[in-house]
Amino acid sequence: MEKTFAMIKPDGVQRSLVGNIIARYEAKGLRVAGMKIMQVSNEQAAQHYAEHVEKPFYPGLVSYITSGPVVALVLEGKNAVEEVRKINGATNPLNAACGTIRGDFGQEVGRNVVHASDSVESAAREIAIYFNADEVLEYDYLPNKWLFE
Ligand code: IDP
Ligand code: MG
């Protein structure tokens, strides 16, 4: 089993998409191992998006992600990193397929509703930015019996 980090960004929370988005992850069979609504600090935003610090969109990205509450999630599944990236869709909603979160709910790259880690290593790093170890729970998830042969 693999864990990934996902986030419903401030636009997703303000647009009342939280339930719809989490329902998509759940319906795929991903186990919610951690979840909280929270205000991202400037320090957390800087750690999260360190790889983009030189990009022209970086200041806007930090002010976007800190502009209101987000929902932070730890999701677990057999190929959780890839599955959640697929459910979220392409970075720019213009290129995101219908049926993906960004394709269904977004209109431009600077307001693309959700985040997800791009590798197992990024996931571990990002989970540690937003969650204490005791906030990520291990428990029996009965759907696994019917998801995998
Ligand atoms: P990802 O979120 O699909 O992994 P990244 O390239 O890692 O995409 O970019 C991180 C975030 O930065 C994007 O989700 C988006 O919010 C923002 N972003 C990326 N490119 C642009 C841009 O050209 N203009 C404005 N915001 C951008
Ligand atoms: Mg990324």
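See the structure shown above.
Fair warning: this is a prediction, and the values are worked out from it, not measured in the lab. Per chain, the residues get numbers from 1 upward, laid out in the order the sequence is written. Written order determines the labels here, with chains lettered from A and ligands numbered from 1. Under the rules for a predicted model, residues below a pLDDT of 70 receive no local features and side-chain atom pairs below 80 are neither given nor counted, while totals for whole chains, interfaces and linings still include all residues. For the side-chain quantities, the full set of heavy atoms in the structure was used; hydrogens and water were omitted.

Colleague: How would you sum up the pairing of strand 1 (residues 2-8)? Please name residues and give values.
Modeller: Of all seven residues in strand 1, five are buried; the element is thus mostly enclosed. Strands are treated as partners if at least two bridges between them are detected by DSSP. Secondary structure elements follow DSSP: runs of H or I no shorter than four residues count as helices, runs of E no shorter than two count as strands, and numbering proceeds from the N terminus. By the bridge criterion, seven bridges tie strand 1 to strand 3 (residues 70-77) in an arrangement that is antiparallel. By the bridge assignment, Ile8 is partnered in strand 3 with Val71. One ladder, built from three bridges, connects strand 1 with strand 4 (residues 114-116); its direction is antiparallel. Pairing of Ile8 across the sheet is with Val114, part of strand 4. For every residue, the accessible area (1.4 Å probe, protein chains only) is compared with the maximum for its type, and the residue is labelled buried under 20%, exposed over 50%, or partly exposed between those bounds.

Colleague: Please provide a residue-by-residue account of the sheet that holds strand 1, values included.
Modeller: With antiparallel pairing, the four strands of this open sheet are ordered in space as 2-3-1-4. Each of the sheet's edge strands pairs with one partner strand only, and the pair in question is strand 2 (31-38) and strand 4. Along the sheet, successive strands turn relative to each other by an average axial angle of 15 degrees, direction set aside. As judged from the seven bridges shared by strand 2 and strand 3, these two strands associate in the antiparallel manner. Lines fitted to C-alpha atoms define the axes, with helix axes restricted to the stretch in contact, and inter-axis angles between N-to-C directions lie between 0 and 180 degrees.

Colleague: Give a description of the packing of helix 2 (residues 18-28) against helix 5 (residues 80-88) that names residues and reports values.
Modeller: As a packed pair, helix 2 and helix 5 sit with axes 11 Å apart at the nearest point and diverge in direction by 135 degrees. The angle between helix 2 and helix 5 places the two elements in the oblique class. As helix 2 packs across helix 5, the resulting crossing turns out to be right-handed. Here helix 2 contributes Arg24, Tyr25 and Lys28 to the contact with helix 5, which in turn contributes Glu83, Val84, Lys86, Ile87 and Asn88. Residues of the contact of helix 2 with helix 5, tallied by class, amount to three nonpolar, one polar and four charged. To sort the angles, those under 35 degrees are grouped as roughly parallel, those over 145 as roughly antiparallel, those from 65 to 115 as roughly perpendicular, and the leftovers as oblique. Less than a right angle of anticlockwise turn of the near helix away from the far helix marks a crossing as left-handed, whereas a clockwise turn marks it as right-handed. Throughout, a residue-residue contact means that at least one pair of heavy atoms, one from each residue, lies within 4.5 Å. Each residue gets one label: Ala, Val, Leu, Ile, Met, Phe, Trp, Tyr, Cys and Pro are nonpolar, Asp, Glu, Lys and Arg are charged, and the others, such as Gly, are polar.

Colleague: Could you give me a rundown of the side chain of Ser117, with the residues and numbers involved?
Modeller: Positionally, Ser117 belongs in the loop between strand 4 and helix 7 (120-130). A relative accessible area of 0% means that Ser117 is categorised as buried. Identification of polar contacts relies on pairs of N or O atoms within 3.5 Å, with a donor-acceptor requirement for protein atoms, meaning one able to donate a hydrogen and the other able to accept it, and with residues adjacent in sequence counted only if both atoms are side-chain atoms. A distance of 2.7 Å separates polar atoms of two side chains, one belonging to Ser117 and the other to Glu126. Residues contacting Ser117, with those up to four places away along its chain left out, are Thr4, Phe5, Val81, Arg85, Ser122, Ala123 and Glu126.

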